[in-house]
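# Per-entry structural report
In case you want the letters, here they are:
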Amino acid sequence: MPGLLLPSIPLFLLPSIHKFSKTGNNKRNAENDGDLPMRQWLKNRRIKEDIQHKEWEKSLIKSKDFKKIFYYNKKTNVRFGLTFMATLIDENIIQDGILPNLLEEEFREIEDIKQLVPVADVQICDDPSLIEQKLLNGYVMLTIETELKHFGFIAAQKEIVRGLSQPEVEFSVIGPKEAFVESMGQNLNLIRKRLPVKELIIEEFTLGSLSKTSVAMLYMEDITNEDNVNTVRQRLTNVKFDAITDSSYIVQLISDNSNSPFPQLLDTERPDRVAGILAEGKVAIVVDGSPHVLITPTTLVEFFSSFEDYFLNWILSSFFRLIRLFAVAFSILITPIYVATLSYHYELIPKDLLSTLITSRREIPLPPILEALFLELTIELLREAGARLPTKVGQTIGIVGGIVIGTASVEAGLTSNVLLIIVALAALASFTTPVYRMGNTIRLLRFPFLFFAELWGLLGIVFCFCLLLTHLIRLTSLGRPFLEPLYPPRVMDMKDALIRLPFEKQSKRPIFLRTKNPTRFSKKKAKEKKDIDE
Amino acid sequence: MKEQPVPERLQISPFLVFYLVMSMQIGIGVLGYQRIIAMDAGYDAWISILFAGGCIHVIVWMIYKIGETVGGDIVTAHKYILGNFFGKALCSIFIGYFILYSLTVVRTFVEVIQVWMFPELSTFWFSFGFMILCVYIIFGGFRTVVGTAFFGLVLPAYLLLTFGWAIKFSNFYNLLPIWDHSIKELLTASYHMSLTFIGFEIILFFYPFIKEPKKSQKWAHLAVLTTTLIYTILAIITFAYFAEDQLSKQIWASLTMWKIVEMPFVERFEYIGIANWNLIILPNVCISIWIASRLIKRVFNIRQKVGVFFVVGGVLSVIHFLDSRERINTLNDYVGKMGFTFTFIYIPLLFAAVMFVKKLKKGKKK
């Protein structure tokens, strides 16, 4: 039989054959010999039908990787075709899992594939509108000449998965070392493994008119507030965008105020953090193709808490949180304060300290604001250049920039060395924020403060602080106040905000989430106190 | 016409009334009230502070009684007594009062800055920036205004400690002998003190925005009590720090006391203090503009956003002409008198009227 010829040819030759099968010339000649005229006519008609491309095929056929091949079953002589996108499917699955059985075993109708094909995801459907989408999702379509209305779909996706690696942005010395990867299946696995309960619900959406990105929303049934879940669901379904390539797109598309420099969704690459917040009653959003999972609703203080805080003793972690808070305040305010005091209020500084400052500034021709701007911009340039360059070159640039430019500019008399110390410390302090996105915001915030410091001195700094404060008070994450538990003040939620109290005190879930079940564990049992020597 | 109740998501928790009342009370007056009360009652004036504070509790109680009876704010109360048209007409006076109040606060603060920090500061441009900030806050809704009040009270609270430096140089024998002034002098001092205390009357305007108004009453009383204590302690420290003749020359006694503060890295603490005062002044101005614009909305049925711009425009167009110390002083006196009349004379009258009408209505029902 001529049809038998095909499977024996290695698959890498398929493109050429597939061309034949499309035009059908070769086959027709071959089949002509010894066939009854009636059968031949039928065959010809069939081939013609094959050539008449259907609507979905018209554009797909322009692509090189579109394959459509026909085979004959050995036993029943049924002619069947496999259609697929060669770049999306794993050829090994076709070669080992699909073809041997379909060719050798008794195969008469589409239904038989459920018995014959040893692949987990096998579907049969009769809706032609699904074809295009399924093909592009890595399914192999099986057609059979006797059943034109039915199609079988066999999953044969080629999974190119990066191996699990250590978290790079949110590295922690202690605690798990797994980080999310780009594949959603893998990421969901990492989360589900940590929360093996039926209450963990994973809802899936397909977003982006071009990218068709799968986006999953995760929450705990019976814990997470339904309003929050509904809001996320509604915002996700309302997303209008063509290509969503990363979770950062989702952050910007669904956040409450897109004109704010503050990120209103927390992103993390740690599966343990996601498991932790799901148990708290928050919602997580996993986007296919992104190693960052989004957490919502979130608060400002959460951006200053590293997940490592929970691995350490509460006294240590509270101390580190306070250090970070101080670092942020320092990083934003110190250069503006320098500019304000040296431009307007040098009376503010005690005599001894003033002499140090004056000596270092004695030969500087620039006013404090220009001096500060010059150094701040240098640091920003270094940071920006360091971020764009490969690691090794980046390090060199850091050294060159930090040491050479810094020292040289002091020696050249462009900047004072006190300011150099201040700016370097401020840059260092801004790196202490555990969430990278927040670090970026802090970088930006320094400049309006500098502007107001030059305008109205200390008063301007407070004025700018008021602006910032108002912005933060107005900001919401998923409709929940962003500044909580600072404002609106919730003493109960303070247990895990600026400081972290021990786990025995954390028997309640955060109030602002308005969870269905606010109790994490029975406080009574935890509180059972023992007497001495008991 | 039935009034729409304020939706719950816009309402505030009862305990936030504490911060609202306190931050409205503490404002520009704290910087220099000591001289004014000492003019009449000398160094017995701290008794007057306590007395004035006590009177205020009665007024707060009346305010809550009014709110409870009519189930709404001051406009509802006026409608309750006078009917729709006259009630609203009478309320429109308060729009003017609160515009003037915000104007006074901003102008006085600018004056403090001009005297102590930047003599060249442009009144108009600073007020302009300040007003933009206020508009930004008020557009965030009442909750944002309350948030400003909260932070405007909590964050600068550390300033209280800095007055501790003055204690080192104080002589508490200054206060003795106690009670060597007549009752009349003490009462006059109380009257002057009441001007610094004014601000608690705002409860009458945001009453419908409190989630469970009844629960908030204790917080309002607590706020008044705390302010009274702060004022008393500060006054006592001031009296101990300055000699009586010296104090009579200190317009801003609190600021002068900051001059003594000395830390290894900071001298002349008044610069920091005045800059911080920006945060304390902010809720004062914001709340009064919010109330004025809210009243405009309630009385004239104009959108509150338009009302805010109207108020801000009004303040900005006038502020430039208040350029001398005398004018600012006159304005302060004028607004103070208005405030006194409103809180200590009008509110009891309103209270009596409401109670009277309530009895009448009850009688009719029977």
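Along every chain, residues carry numbers that run from 1 in the direction the sequence is written. Chain letters start at A and ligand numbers start at 1, both assigned in the order the entries are written. Local features in this predicted model are restricted to residues whose pLDDT is 70 or higher, and side-chain atom pairs enter the listing and the counts only when it is 80 or higher, whereas totals over whole chains, interfaces and linings include all residues.

## Description of the overall build of chain B
Helix numbers and strand numbers start at the N terminus; a helix is a DSSP run of H or I with at least 4 residues, a strand a run of E with at least 2. A count of helical and extended segments in chain B gives 17 helices and 0 strands. Just to be clear, the radius of gyration here is over C-alpha atoms, and the globule rule we use is 2.2 Å times residues to the power 0.38. The C-alpha atoms of chain B give 21 Å as radius of gyration, which agrees with the globular expectation for 366 residues (21 Å, within 12%). When its C-alpha atoms are laid out on the principal axes, chain B stretches across 65 × 45 × 35 Å. Exposure classes come from backbone-placed C-beta atoms, where a residue is buried if 20 or more other C-beta atoms lie within 10 Å of its own, exposed if 12 or fewer do, and partly exposed in between. Across the 366 residues that make up chain B, the buried fraction comes to 47%. Restricting to contacts in chain B with at least 6 residues of sequence separation, those with at least 24 account for 83%. A pair of residues counts as a contact when their C-beta atoms, built from backbone coordinates, are separated by no more than 7 Å.

## Some points on the sheet that holds strand 4 (residues 139–144) of chain A
Residue and element names in this part refer to chain A. When DSSP finds two or more bridges between two strands, those strands count as paired. Judged by pairing direction, the sheet is antiparallel, and its 5 strands sit side by side in the order 1-2-4-5-3 without closing on themselves. Looking along the sheet, the strands with just one partner apiece sit at the ends: strand 1 (66–72) and strand 3 (122–125). Across this sheet, the average inter-strand angle for adjacent strands is 20 degrees, counted without regard to direction. Pairing of strand 1 with strand 2 (residues 79–85), which is carried by 7 bridges, proceeds in the antiparallel orientation. Looking at strand 2, one finds that Tyr71 is bridged to Phe80. The axes used here are C-alpha line fits, helices contributing only the stretch in contact, and every angle between their N-to-C directions lies in the interval 0 to 180 degrees.

## Quick notes on the nonpolar core
The nonpolar side chains of a soluble globular protein tend to be buried with one another. Counting residues in each nonpolar core, the largest one holds 202 residues, and the members touching the most others are Ala284 and Ile285 of chain A together with Val21 of chain B. Sort the elements by how many residues they give to this core and helix 18 (residues 436–474) of chain A lands first, with 18 residues. With residues near it in sequence (within four places) discarded, Ala284 of chain A still touches Leu218, Val274, Ile277, Leu278, Val293, Leu294 and Ile295 of chain A. Put simply, a nonpolar core is a cluster of buried Ala, Val, Leu, Ile, Met, Phe, Trp, Tyr and Cys residues tied together by C-beta atoms within 7 Å. The next biggest cluster of nonpolar side chains, apart from the first, holds 25 residues, and it includes Phe70, Phe80, Phe153 and Ala156 of chain A.

## Some remarks on the sheet that holds strand 7 (residues 213–220) of chain A
Residues and elements named next belong to chain A. The strand order 6-7-9-10-8 describes an open sheet built from 5 strands, whose pairing is antiparallel. Since the sheet does not close on itself, it has two edges, and those belong to strand 6 (200–207) and strand 8 (266–268), each with one partner. Each strand axis lies, on average, 25 degrees off the axis of its neighbour in the sheet, ignoring direction. As judged from the 3 bridges shared by strand 8 and strand 10 (residues 293–296), these two strands associate in the antiparallel manner. Opposite Leu266, over in strand 10, you have Ile295 as the bridge partner.

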